[in-house]
Amino acid sequence: MPMLNVIRKDGDKMRYEDAHKETVELLEWYPYAAGQNQSPGISRRDAESVNALTMILRSIQGTKWYEVLNIYYFQDNTLEQTAEIMNLSVSTVQRYKKQIVNRITRTIYPVTQYE
């Protein structure tokens, strides 16, 4: 089975699984980074990722996916707490979270190569 790779804007190649992990880290870090992306302490690549995530979040605002991200990542709740707040099952929250994290990963780190 071919391995999925993505190409970052800086030309580095990475595995899709690593891109997915970076997306999750970005989501966890986003509430702190969003106000600092013009700070001299943030790298250009991180600033670009924050800006890309900001645009994606604006495009999904008001949707169930945004609500899951907001409650789970930005308000730092567990899956169970998120499900209770949204009046959904935990499996539904997991499915929405997986869908939007995959969408964000494919947007920020587009798949450009198979090996």
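### Here's the deal with the environment of Pro31
Looking at the secondary structure, you find Pro31 in helix H1 (residues 16–33). Along the sequence, Pro31 and Gln75 sit 44 residues apart, while their C-alpha atoms lie 9.0 Å from each other.

### Some thoughts on the packing of H1 against helix H5 (residues 90–108)
Taken N-terminus to C-terminus, the directions of H1 and H5 make an angle of 110°; their axes are 9 Å apart at the nearest point. What the angle tells us is that H1 and H5 run roughly perpendicular. Residues Tyr16, Ala19, His20, Thr23, Val24, Leu26 and Leu27 of H1 touch H5, and the partners they reach there are Val101, Asn102, Ile104, Thr105, Arg106 and Ile108.

### Quick look at the nonpolar core
Counting residues in each nonpolar core, the largest one holds 20 residues, and the members touching the most others are Leu27, Leu53, Leu57, Leu69, Ile104 and Ile108. Mapped by element, the contributors of at least two residues to this core are H1, helix H2 (44–60), helix H3 (64–74) and H5. Tallying contributions element by element places H1 first for this core, with six residues. Setting aside its immediate chain neighbours within four residues, Ile104 contacts Thr23, Leu27, Leu53, Ile56 and Leu69.

About the criteria used
Residues numbered from 1 in each chain as written. Predicted model: local features only at pLDDT ≥ 70, side-chain atom pairs only at ≥ 80, totals over all residues. Heavy atoms only, no water. Helix = DSSP H or I, 4+ residues; strand = E, 2+ residues; numbered from the N terminus. Axes fitted to C-alpha atoms, helices over the stretch in contact; angles between N-to-C directions. Parallel < 35°, antiparallel > 145°, perpendicular 65-115°, else oblique. Contact = heavy atoms within 4.5 Å. Core = buried A, V, L, I, M, F, W, Y, C linked by side-chain atoms within 4.5 Å. Buried < 20%, exposed > 50% of the residue type's maximum accessible area, 1.4 Å probe, protein only.

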